[in-house]
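Reading the structure
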Amino acid sequence: MWMFIYWILGLAVAWLTGRLITRLKMPAILGWLIAGMLLGPHALGLLPQSMLDAAWYKLTITWMQCAFGLMLGTELVWRKIKSYGRALVVTTLTQSLGTFAVVSLVFAIVFFLECVPLYLALAFGGIALATAPAPALSIVQEFHTKGPVTDTLLPMAVFDDVVGIVVFFLVDSYIASRVSGGAVPLYMIPVMIFLPIGIGILPGFAAGKILKKKSNRVASLAVLLSGITVTAGIGLFFNRYVFTGISLNYMLMGVSFSSLFSNMIPEEKLTAVTKYFHPVLAVSLLAAIVDLGAPLDLHLILGAGLFTFLYIGARTVGKYFGARIGATIMKMPKTVKKYLGLALLPHSGVSLVFTGIVCGVRSGGHSKGHDRGSCCDQRDHSCICGKAGI
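Note that the structure is predicted; figures quoted are calculated from it, not measured.

Looking at the overall build of the protein chain
When you go through the protein chain residue by residue, the secondary structure sums to 18 helices and 0 strands. For the protein chain, the share of sequence-separated contacts (at least 6 apart) that also reach a separation of at least 24 residues comes to 81%. Per element, the accessible surface of the protein chain, about 19000 Å² overall, is 70% carbon and sulfur.

Examining the confidence of the model for the protein chain
Per-residue pLDDT for the protein chain averages 77, and the proportion of residues at 70 or more is 74%. Per-element confidence in the protein chain ranges from a low mean pLDDT of 52 for helix α9 (residues 133-143) to a high of 91 for helix α12 (residues 217-242). Ignoring residues within four places in sequence, the model shows residues 364-390, a span with pLDDT below 50, making 50 contacts including any to other chains.

Points about the packing of aromatic side chains
Considering all chains together, one arrives at 14 aromatic pairs under this definition. A centroid spacing of 5.6 Å and a plane angle of 40° characterise the contact between F237 and Y241, whose relative ring orientation is tilted. Taken together, the residues span about one helical turn, with F237 and Y241 both in helix α12 at a distance of 4 residues. One aromatic cluster is present, built from ring pairs that chain together F4, W7, W56 and Y57.

With respect to helix α2 (residues 28-39)
For α2, built from 12 residues, the straight-helix expectation of 16 Å at 1.5 Å per residue is met to within 8% by its first-to-last C-alpha distance of 17 Å. Restricting attention to buried positions, one finds in α2 the residues G31, W32, L33, A35, G36, M37 and L39.

Some points on the nonpolar core
Note that soluble globular proteins tend to have their nonpolar side chains buried in a common cluster. Counting 74 residues, the largest nonpolar core has W7, F107, F111 and F261 as the members making the most contacts within it. Per element, the largest residue contribution to this core is 10 residues, and it comes from helix α14 (residues 267-293). Those residues in contact with F107, other than ones at most four positions away along the chain, are A121, F124, F307, L310 and Y311. The next biggest cluster of nonpolar side chains, apart from the first, holds 10 residues, and it includes L88, A323, M330 and L344.

Side note on unusual backbone geometry
A positive phi is found at K331, a non-glycine position, where the angle reads about 55°. Examined against the element boundaries, K331 turns out to sit in the loop between α16 (305-329) and α17 (334-343). Given the relative accessible area of 74%, K331 is considered exposed.

Brief notes about helix α1 (residues 2-23)
The end-to-end C-alpha distance of α1 is 32 Å, a good match for the 32 Å that 22 residues give at a rise of 1.5 Å each. Every buried residue belonging to α1 is among W7, G10, L11, A14, G18 and I21, and all of these are buried. Angularly, the buried residues of α1 cover 100° about the axis, an arc narrow enough to put them on a single face. Opposite its buried face, α1 presents the exposed residues W2, L20 and R23, each directed more than 90 degrees away. Buried positions along α1 lie against α2, α3 (49-52), α4 (55-68) and α14.

Remarks on the side chain of T91
Along the chain, T91 falls in helix α7 (residues 86-114). Judged by its relative accessible area of 0%, T91 is buried. Those residues in contact with T91 that lie beyond four places of it in its chain are M156, A323, G326, A327, M330, M332 and L340.

Description of the packing of α12 against α14
One way to put it is that α12 packs onto α14 with a least axis distance of 9 Å and a crossing angle of 60°. Overall, the two elements α12 and α14 adopt an arrangement that is oblique. The handedness of the crossing between α12 and α14 is right-handed. On the side of α12, the interface is formed by R217, S220, L221, L224, L225 and I228, while α14 contributes V273, Y276, F277 and V280.

Points about a positive patch on the surface
Taken together, the side chains of K209, K212, K213 and K214 define a basic patch exposed on the protein surface. Tracing the sequence through the fold places K214 in the loop between α11 (189-213) and α12. On the accessibility criterion, K214 (40% relative accessible area) is partly exposed.

Details of the environment of A288
Considering the arrangement of structural elements, one finds A288 in helix α14. Residue class for A288 comes out buried when judged on its relative accessible area of 9%. Once the C-alpha coordinates of A288 and F68 are considered, the two residues, 220 residues apart in sequence, prove to be 8.3 Å apart.

Details of the packing of α1 against α14
Put simply, α1 and α14 touch, their axes get as near as 10 Å, and they point 100° apart. When the axes of α1 and α14 are compared, the pair comes out roughly perpendicular. Here W7, L11, A14 and W15 of α1 lie close against α14, whose contacting residues are L286, A287 and V290. Across the contact of α1 with α14, the residue classes break down as 7 nonpolar, no polar and no charged.

Examining a nonpolar patch on the surface
Nonpolar side chains collect at one region of the surface, where M1, W2, F4, I5, Y6, I8 and L9 lie side by side and expose about 750 Å² of accessible area between them. Among the structural elements, W2 can be located in helix α1.

A few points about the side chain of T99
Positionally, T99 belongs in helix α7. A polar contact is formed between the side chain of T99 and the backbone nitrogen of K319, at a distance of 3.2 Å. Not counting residues within four places of it along the chain, the set of residues in contact with T99 comprises A128, R315, G318 and K319.

So, how was this worked out
- Residues numbered from 1 in each chain as written.
- Predicted model: local features only at pLDDT ≥ 70, side-chain atom pairs only at ≥ 80, totals over all residues.
- Heavy atoms only, no water.
- Helix = DSSP H or I, 4+ residues; strand = E, 2+ residues; numbered from the N terminus.
- Contact = heavy atoms within 4.5 Å.
- Areas by Shrake-Rupley, 256 points an atom, 1.4 Å probe, with all protein chains shown as cover.
- pLDDT = per-residue confidence, 0-100.
- Phe/Tyr/Trp six-rings, centres within 6.5 Å; stacked < 30°, edge-to-face > 60°.
- Expected span 1.5 Å × (residues − 1).
- Buried < 20%, exposed > 50% of the residue type's maximum accessible area, 1.4 Å probe, protein only.
- Core = buried A, V, L, I, M, F, W, Y, C linked by side-chain atoms within 4.5 Å.
- Arc of directions from axis to C-beta.
- Axes fitted to C-alpha atoms, helices over the stretch in contact; angles between N-to-C directions.
- Parallel < 35°, antiparallel > 145°, perpendicular 65-115°, else oblique.
- Left-handed = near helix turned anticlockwise from the far one by under 90°.
- Patch = residues over 30% accessible without salt bridge, like charges linked within 9 Å, V, L, I, M, F, W, Y side chains within 5 Å.
- Salt bridge = Lys/Arg side-chain N within 4 Å of Asp/Glu carboxyl O.
- Lys, Arg positive; Asp, Glu negative; His and termini not counted.
- Charge placed at Lys NZ, Arg CZ, Asp CG, Glu CD.
- Nonpolar A, V, L, I, M, F, W, Y, C, P; charged D, E, K, R; others polar.
- Polar contact = N/O pair within 3.5 Å; in protein donor to acceptor, adjacent residues only side chain to side chain.

Quick look at the structure:
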C-alpha cells in the first residue's frame, strides 16, 4: 500500500517538474525523465528497487505501455496515408533509413574501437528514427504556417513513426536473438514482430464495431479501456504460457489495436474518441517515462557524454541529408529540400520507450557471443561493455 502511495507521489512530483521545465521553453518529457532519475533507487529512493520489481507495478506499466500505443495507432489511418503521394513515401524512406544508416555506422565504428558488441550500434540507429509530430503540429497551429514545408512535414512525421516502428522492432528482435544465449531461435523473430500485431487485431475490430454505434464520452472511454485490458491480457497469456522464452512488446499491441478501430470509424468520431482518451494517454506516458528514468544511474549517464554528442550529430546529419536527397529525387520545392530535414529533428517521446525496450531485452539474457570476442580490455582486464550506455 505504501509503495503505491510513493508511486503516486512520484508521478505528481514528475508532473510538477515537467511543468517547471516548460517554463524554460523545454519539453515536459525532459522533466519527467529527470524526476524519475532523481526519485529512483540510485538517488533519493522514493521509488525503490523493491517497488520497481513488484508484480503489481510491472503489471500496471505493462497495461500503460499498451495504452501508450494509441498515440501512434490513431495516426495510422489508411485514408490519410494513401493521399500523401509517392513523393512523401520516397522522402520518408530516404531520411528515415538514412538516419538509421548514419547513426548505426557512427556507433559501429566507435563500438569497434571500444570493444563493445557491434550489434548494439543497430539499437542506436533504430531509436534515432522516430520524429515527434507534436512539436511540428504546435508550431503550425501557433503561427498558422502554410506552404510546401508545412504540407510535407505533418504527414511525414506520421510516416516517420511507421517506418521507425518497423525498423526498430526488426532490430529489437535481432538483438533479442543475440543476447538470449540461444533461447530465441531465428524463426521466432517474425513471431516477436507479428504476434503483437495479431493480438491487437481482434480487440481492435470489436472496439471499432462498438465505437461506430457508441458516441458518448463514458461509453467510448469504457470501450477503449476494456479493449486495452483485453489486448494486454492476451499478450500476458502468450508471454507467460505460450512463448515463455521471448518478451513480447505491449506498445506494439496497442498500436495494432488502435490502428484497426481508427480505420473503422469516421474521422470526426476518431477525433472525439482520441480527445476522450487523452487524460489516460497523458498519465500512461508520464508513468512510462518515469519508469524509464527511475532505474538510471546519474554517474553512468555523465560518463556517456561523448556518446550523447555523437548521437545528436549523427542523427542530425541523417535527417537533414536524407530528407534533402529524397526531396531532390522527387523534385520537390527548394524550401522543402532546404528546411524539411531540420523540421524533422524533434525527437519523439516514443524513442524513450524504445530505449526501455532495448534495455529490457539487453538485461533479459546474456550475449551468446560478441562480435569481437571478449568485451574486456585486454590491457587492464576491466570490462567496458557499460560504455555502450545500454
